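# Examination of the molecular architecture
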Amino acid sequence: MQDTILILDFGSQYTQLIARRVRELNVYSEIHPWDKCPEITSNIKGVILSGSPFSVRDEKAPKIDLSKIKGKVPLLGVCFGAQYMAHNFGGEVAASDTREYGRANIVSHNSENDLLKGIGEQSQVWMSHGDSIKTLPSNFDVIASTADVKNAAYSVQEEKTYGIQFHPEVYHSTDGATIIFNFVVSIAGCLQDWTPDAFVDSTVDALKEQLGDDRVILGLSGGVDSTVAATLLHHAIGSNLHCIFVNNGLLRKNEYAEVLESYKGMGLNVKGVDASELFYSALKGLTDPEEKRKAIGKVFVDVFDEESKLVENAKWLGQGTIYPDVIESVSVTGGPSQTIKSHHNVGGLPDYMKLKVVEPLKSLFKDEVRRVGKSLGISPAILGRHPFPGPGLGIRILGEVTPDKVAILQEVDAVFIGELKSAGLYDEVWQAGAIFLPVNTVGVMGDERTYENAVALRAVTSTDGMTADWCHLPYEVLGKISNKIINQVKGINRVTYDISSKPPATIEWE
Ligand code: XMP
């Protein structure tokens, strides 16, 4: 079994970053909510307690029983996690005289301490806390301080238990990676063997074992996740994998044919289903964004359902679900989060289909999926594709969707993306696309008055789509794109550029 670092999440905004830093060391890590701590099996080599928006002094603060962990496996408390242990084992935690946010310098008292070995004499760290550990429990030793915080790091050496008041997982903590390495590799003794190649080998073996001679159906979207999931499954079960690629009539220009062709080149068993007309008729007359999303989702399910019935004896549904979709984050408010948009992905299928679900990527972050894809030999052109929403151009045409508008928007989008590629900017942009606006504007072409549609261009930088900034594309490139669209795409006489960040705007307009 894989050496694993278990991260118990108390609701910090940085918990996912801890997991990523551990994985960057080629060591597998998993996040679990603090109140759903799994059994500490022998492959769990160390445990990290995350930060939290709570104060340990708060009545409602999370309270966890550490008796099966502390002293049994190496344990590192970060921020709240460090305060929690100090508070619970006889120390004192109180409100800081001044709230500490941002940079601070720690001075290590013992350069030989296992946790702090190799860090500079004065090391910049990132603080974000309103409480401080005033006194430590009697058997805890202080190992580092800052100008304002005496107990910035502590250890209980014989137990391999450690606490740090700062956040080693953020890049601003300059020796953060060293501290995480010290804990994960030197102290917990994890082998650094969790590489993309190793992931492919072990996943293919596990899939063979899990699926045997069963048949699997999988909806391909042309995107990175479903393609990598399909390729892994193909390596495991070959022609027992049946992929379905649905043309919803809302794809990019030539995308249906091109993607289908590229899948065939990869040896995948793919059936293309052109259901454009069904989608267009379901969208007729609809203008509300949520109604449009739901209509597209429903037709997709119907088409997929019909097609999957044709695959005799299919027992499994393959899905490209990735880790951020399955991490159960700790709700700070206790309430369900508000639905901003009802996202639809290939694979969001109803229970009545009675298929078991197989999700080979559900432990990976997006960048890890790309690395696994590379190790599987998938072309950089597919792996580097911008994300594209399941409902496609349907949510980029504001108001009613018609085939004519789709055709116009496909042309606009093709010019935009083509120019980004030829300017060498495509890979620097996280996502780009065009939006068909439901407004006509007056223009003049030659000597003639025009009264045609306006479009908006959107290009954003982001790491995960949760937050995004509008991309500062060079004016010359924007100018060239605008000229080309107005000159080449019939029906468009005005181009605008969206300069909103997320939040408060979302990436898609609907
Ligand atoms: P928003 O508009 O919520 O989008 O800021 C964030 C990211 O999600 C993509 N998106 C979707 N992806 N199905 C998908 O598979 C959907 O229904 C969907 N809606 C938005 C969007 O393109 C961006 O990358």
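Residues numbered from 1 in each chain as written. Predicted model: local features only at pLDDT ≥ 70, side-chain atom pairs only at ≥ 80, totals over all residues. Heavy atoms only, no water.

Backbone hydrogen bonds are what pair the strands of a sheet, in a parallel or an antiparallel way. Pairing within the open sheet is parallel, and its five strands lie in the order β12-β11-β10-β13-β14. The strands lining the two open edges of the sheet, one partner per strand, are β12 (270–274) and β14 (356–358). Between one strand axis and the next, the sheet turns through 30° on average, direction left out of account. Bridge count for strand β11 (residues 241–247) against β12 is five bridges, and the pairing is parallel. Its bridge partner being in β12, F245 is matched across the sheet by G272. Contacts from helix α5 (residues 224–237) reach β10 (215–220), β11, β13 (314–318) and β14, with the element oriented near 160° to β10. Helix-sheet contacts for helix α6 (residues 255–265) involve β10, β11 and β12, and the interaxial angle to β12 is about 170°. (Pairing = 2+ DSSP bridges. Helix = DSSP H or I, 4+ residues; strand = E, 2+ residues; numbered from the N terminus. Axes fitted to C-alpha atoms, helices over the stretch in contact; angles between N-to-C directions. Contact = heavy atoms within 4.5 Å.)

Taking 1.5 Å of rise per residue, 14 residues should cover 20 Å, and helix α13 (residues 475–488) covers 20 Å from first to last C-alpha, within 8% of that figure. The set of residues buried in α13 consists of V477, L478, I481, S482 and I485. Looking straight down α13, one finds that the buried residues subtend no more than 130° of arc, so they occupy a single side. In α13, those exposed residues whose orientation departs by more than 90 degrees from the buried face are Y475, E476, K480, N487 and Q488. Buried positions along α13 lie against α12 (403–422), β16 (448–461) and β18 (492–497). (Expected span 1.5 Å × (residues − 1). Buried < 20%, exposed > 50% of the residue type's maximum accessible area, 1.4 Å probe, protein only. Arc of directions from axis to C-beta.)

Quick look at α12 now. Across its 20 residues, α12 extends 28 Å between first and last C-alpha, which sits within 8% of the 28 Å expected from 1.5 Å per residue. Within the sequence span of α12, burial applies to V406, L409, Q410, V412, D413, V415, F416, I417, E419 and L420. On its buried side, α12 packs onto α7 (276–283), β15 (431–445), β16, α13 and β18. Remark: G424 follows α12 within two positions and exhibits a positive phi of approximately 70°.

With that settled, the discussion passes to the nonpolar core. Counting 46 residues, the largest nonpolar core has F279, V412, F416, L457, A459, L473 and I485 as its most contacted members. For this core, the secondary structure elements donating two or more residues are β11, α7, α8 (289–309), α12, β15, β16, α13 and β18. In terms of residue count, α12 provides more of this core than any other element does, seven residues in total. Mapping this core onto the domain boundaries places at least three of its residues in each of domain 2 (196–383) and domain 3 (402–497). The contact partners of L473, leaving out residues within four places of it in the chain, are F416, L420, L425, V429, A459, L478 and Y497. Ranked by size, the runner-up nonpolar core spans 39 residues in total, among them L233, L241, L260 and I382. (Core = buried A, V, L, I, M, F, W, Y, C linked by side-chain atoms within 4.5 Å. Domains from an automatic or database assignment.)

Close contact between helix α4 (residues 196–211) and helix α10 (residues 366–375) brings their axes to 9 Å; oriented N to C, the two are set at 75°. Taken as axis vectors, α4 and α10 run roughly perpendicular relative to one another. Touching P196, D197, F199 and V200 of α4 are R371, V372 and S375, all from α10. (Parallel < 35°, antiparallel > 145°, perpendicular 65-115°, else oblique.)

On the surface, D197, D201, D205 and E209 cluster together into a patch of negative charge. By secondary structure assignment, the location of D201 is in helix α4. (Patch = residues over 30% accessible without salt bridge, like charges linked within 9 Å, V, L, I, M, F, W, Y side chains within 5 Å. Areas by Shrake-Rupley, 256 points an atom, 1.4 Å probe, with all protein chains shown as cover. Salt bridge = Lys/Arg side-chain N within 4 Å of Asp/Glu carboxyl O. Lys, Arg positive; Asp, Glu negative; His and termini not counted. Charge placed at Lys NZ, Arg CZ, Asp CG, Glu CD.)

All told, the structure shown has 20 salt bridges when counted by the stated rule. In this structure, K480 engages E419 in a salt bridge whose closest nitrogen and oxygen atoms are separated by 3.5 Å. Taken together, the positions of K480 in helix α13 and E419 in helix α12 put the pair 61 residues apart, joining distant regions of the chain. Classification of E419 as buried rests on a relative accessible area of 8%. When the shortest N-O distance is used, the salt bridge between K484 and E419 registers 2.7 Å. Of this pair, K484 sits in helix α13 while E419 sits in helix α12; the two residues are 65 residues apart in sequence, bridging distant segments of the chain. Given the relative accessible area of 30%, K484 is considered partly exposed. Residues participating in the shared-partner salt-bridge network are R20, D367 and R371.

Before going further, it helps to spend a moment on the UniProt feature "binding site: ATP" (unreviewed entry) in the protein chain. The feature "binding site: ATP" (unreviewed entry), as given by UniProt, occupies S221, G222, G223, V224, D225, S226 and T227 in the numbering adopted here. Within the fold, S221 resides in the loop between β10 and α5. The exposure class assigned to S221 is partly exposed, which follows from its relative accessible area of 33%. Of note is the side chain of S221, whose polar atom sits 3.1 Å from the backbone nitrogen of G223. Relative to the elements of secondary structure, S226 occurs in helix α5. Apart from the residues lying within four places of it in its own chain, the contact partners of S226 are L218, G219, L220, S221 and Y263. (UniProt positions renumbered as here; feature names shortened; annotations may be inferred. Polar contact = N/O pair within 3.5 Å; in protein donor to acceptor, adjacent residues only side chain to side chain.)

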